[in-house]
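Descriptive structure summary
One-letter residues, chain by chain:
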Amino acid sequence: HNNNNTDMAKNNLAQVPIIPGVTSEDNILVESGNRIGRVGVENLKKYLQGSDMWLQQVAFYIDINEPAGVSTNVNVGGNMNMRSMWEAQWRAGIMDANGNWAELSPENNRYGADGTLVVNPDGTVAEGFEHCDFVNLIPDTYCYIQIIDMGESIMERLWLSLLPLPGWKEPRQLVGAFKATTVGGQLRSIPNAEPTRSKTVRNFWLNAQSRSTNHGLAGVYFRNMLLWYMMSKYGQRSSQTATLPDGTQIWGPGLDGTGSETSTDQYTIVTGQTLHLGAQDGKVAVLDAKGATCHSVRVKNFENPWGQFWEDDGHMISFENEVWAWRANFMPSSSAPTKADFANVDCDKFTRHTATITSGERMNIITGDKPGIFMIPSGTRSGISYGDRFSYAAAGQLWRWGGSSNNGSDCGLAYSFSNSAWAYSDSYLGARLAYFGDITEVDAKDLVA
């Protein structure tokens, strides 16, 4: 009887006229299994956008929490042309305090994309650009966590694209090319300068605010993007041990201190010595305070995201076994923040692992109302290692990233600590400038003061 009804419905559908289009409020008749039924256009759209065939066409993926044979490798796949287009949108730039931003040449960041010289051969800023900061752009990135049932386990696959996905969007980020330097009370991102250290995270932020109310500090969302960039490009998790297909090491420890007597000799190494690499990953020989050879590293357009000294994170705090992260340009005023300080701040909240981890890290994945993925481990997973170390303290603790030179082999994109108080400052703590306002794209020549 049911089969007869289905056959009749199919025959009737073949006789109905073609309509010119549908709206999101309409329903469509479909055959599902051996039944004819209605499905809403919006629900059908969501299903198609979440299908593996569609994702393979518009996005690329990283299997964040899945082993890949070698513990520091990661599986990457999908539309690798989209991955290349996404990488091409990571652009180096120079910007004034008002948000006028000019793209730099991807071949050599000492020049504007229009050919204007912005950094002299001796590393000093060219005349007329002293008022500008070197601020790089990471594009809007659409993200989706696909849940794949593998029988005995569930795999959470992270898809990324420049096109809308059914998950969420990581907004465009504008982040300083270098560790930040304080000039006249303002936090800056400039070449040929010794980075500033020995400030509390709030004082770093206040110095950024002195630049403009749109300026602040980079943090976990920036670090996430760098990690996704590295993993998707090289299929490897460990920044220190990452190699090219021929076995050539890409970065290494970063400011490795070969020949240095103490790590403090590296704190005075000036910024901007990798600018000539442009968008090319790699490392450049530099000299420390004792004249020993070290190596500044460049990850895409960003210099020394690990090594030299830690970068304070102005966007993340630990409360016991929870971690709270926020995108807004906000800094708690208390030197010992509590949950009440964040009552009006939109935070991503997730559970952290409760012990120091040296290998087997399983990244936090949130699939609820506020989906996201964070490099903070939620536990351990056999067969996975990032080559970095994680350590935590509870009760309103500040996070920091990258590692200082004395941390040696522990340094890296995913190296993180939360055992510093908000009132703490030390010679091995620095920061990285970020910009949260709108920009107006111009040519470099138009930025000359």
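Structure: above.
All of the points below concern the structure found in this document. (Residues numbered from 1 in each chain as written. Predicted model: local features only at pLDDT ≥ 70, side-chain atom pairs only at ≥ 80, totals over all residues. Heavy atoms only, no water.)

Quick notes on the side chain of asparagine 65
Looking at the element boundaries, asparagine 65 is found in the loop between β3 (60-62) and β4 (76-78). The contacts of asparagine 65, once residues within four sequence positions are left out, are Glu156, Arg362, Met363, Ile365, Arg381 and Ile384. (Helix = DSSP H or I, 4+ residues; strand = E, 2+ residues; numbered from the N terminus. Contact = heavy atoms within 4.5 Å.)

Observations regarding empty space enclosed by the protein
Applying the stated criterion across every chain, the model contains one cavity of 30 Å³ or more. When its volume is computed, the largest cavity comes out at roughly 40 Å³. Taken together, Ile64, Asn224, Leu227, Trp228, Met231, Met363, Ile373, Phe374, Met375 and Tyr386 form the lining of the largest cavity. Secondary structure elements with two or more residues in the lining of the largest cavity: α6 (220-234) and β22 (372-380). Broken down by element, the lining of the largest cavity gets its largest block of residues, four residues, from α6. Split into classes, the residues belonging to the lining of the largest cavity amount to nine nonpolar, one polar and no charged. (1 Å grid on protein atoms, 1.4 Å probe; cavity = no way out; pocket = protein on both sides within 12 Å on 5 of 7 lines; lining within 4 Å. Points joined across faces, edges and corners; volume = space filled by probe spheres on them. Nonpolar A, V, L, I, M, F, W, Y, C, P; charged D, E, K, R; others polar.)

Examining the environment of tyrosine 428
If you trace the backbone, tyrosine 428 turns up in the loop between β25 (416-420) and β26 (429-430). Judged by relative accessible area, which is 22%, tyrosine 428 ranks as partly exposed. Taking C-alpha positions, tyrosine 428 is 9.9 Å from glycine 307, a pair spaced 121 residues apart along the chain. Residues within four places of tyrosine 428 in sequence aside, it is in contact with Tyr267, Phe309, Trp310, Arg400 and Ser404. (Buried < 20%, exposed > 50% of the residue type's maximum accessible area, 1.4 Å probe, protein only.)

Digging into the sheet that holds strand β7 (residues 133-138)
With mixed pairing, the seven strands of this open sheet are ordered in space as β14-β27-β11-β7-β5-β6-β28. Strands with a single pairing partner mark the edges of an open sheet, and in this sheet they are β14 (215-217) and β28 (440-442). Looking at each pair of strands side by side, their axes are set apart by 40° on average, direction ignored. Alignment of strand β5 (residues 93-95) against β7, held across two bridges, turns out to be antiparallel. Residue pairing for β7: isoleucine 94 is matched across the bridge by phenylalanine 134. Across the sheet, helix α5 (residues 201-211) is in contact with β7, β14 and β27 (433-435); its angle to β14 comes to roughly 160°. Along the sheet, α6 contacts β7 and β11 (173-176); its crossing angle with β11, the most-contacted strand, is approximately 90°. (Pairing = 2+ DSSP bridges. Axes fitted to C-alpha atoms, helices over the stretch in contact; angles between N-to-C directions.)

Focus on α5
Owing to its 3.6 residues per turn, the α-helix brings residues three or four apart onto one side. Along α5, the residues that are buried comprise Val201, Phe204, Trp205, Asn207, Ala208 and Arg211. End-on view of α5: buried residues confined to an arc of 160°, all on one side of the axis. (Arc of directions from axis to C-beta.)

Regarding the nonpolar core
Among the nonpolar cores identified, the biggest contains 55 residues, and Ile64, Trp228, Met231, Trp251, Met316 and Ile376 are the most heavily contacted of them. With 11 residues, the top contributor of residues to this core is α6. Discounting residues that sit within four places of it in the chain, methionine 316 has contacts with Val220, Val323, Trp324, Ala325, Trp326, Phe350, Ile376, Gln397, Leu398, Trp399, Trp401 and Trp422. By size, the runner-up hydrophobic cluster in this structure holds 19 residues, among which are Ala180, Ala208, Leu398 and Ala431. (Core = buried A, V, L, I, M, F, W, Y, C linked by side-chain atoms within 4.5 Å.)

Considerations on unusual backbone geometry
Positive phi is not limited to glycine here, since lysine 300 has a value of about 55°. By the element assignment, lysine 300 lies in the loop between β16 (293-299) and β17 (302-303). Overall, the relative accessible area of 5% leaves lysine 300 in the buried class. Despite not being glycine, glutamine 308 has its phi angle at roughly 65°, a positive value. Mapped onto the elements, glutamine 308 comes out in the loop between β17 and β18 (310-319). Looking at glutamine 308, the relative accessible area reads 3%, which means it is buried.

A few points about the layout of surface pockets
In this structure, the largest pocket occupies an estimated 310 Å³ of space. Along the walls of the largest pocket sit 19 residues, with Arg172, Gln173, Arg327, Tyr435 and Phe436 positioned nearest its centre. Looking at the lining of the largest pocket, the elements that each hand over two or more residues are β11, α6 and β27. For the lining of the largest pocket, the element with the highest residue contribution is β11, accounting for three residues. Counted by class, the lining of the largest pocket contains 11 nonpolar, four polar and four charged residues.

Remarks on the packing of aromatic side chains
All told, the structure shown has 21 aromatic pairs when counted by the stated rule. With 5.7 Å between their ring centres and 90° between their planes, tyrosine 234 and tryptophan 251 make a pair best called edge-to-face. Placement of tyrosine 234 in helix α6 and of tryptophan 251 in the loop between α6 and β15 (282-287) is noted, with a sequence separation of 17 residues between them. The class for tyrosine 234 is buried, based on a relative accessible area of 18%. (Phe/Tyr/Trp six-rings, centres within 6.5 Å; stacked < 30°, edge-to-face > 60°.)

A short note on helix α4 (residues 80-88)
Restricting attention to buried positions, one finds in α4 the residues Met82, Arg83, Trp86 and Glu87. For α4, the angular spread of the buried residues around the axis is 140°, confining them to a single face. Looking at the buried residues of α4, the elements they touch are α3 (52-58), β3, β8 (141-149), β9 (154-161) and α6. Here α4 starts with a cap whose side-chain oxygen sits 3.0 Å from the backbone nitrogen of asparagine 81, and that cap is asparagine 79. (Polar contact = N/O pair within 3.5 Å; in protein donor to acceptor, adjacent residues only side chain to side chain.)

By themselves these figures say nothing about function.
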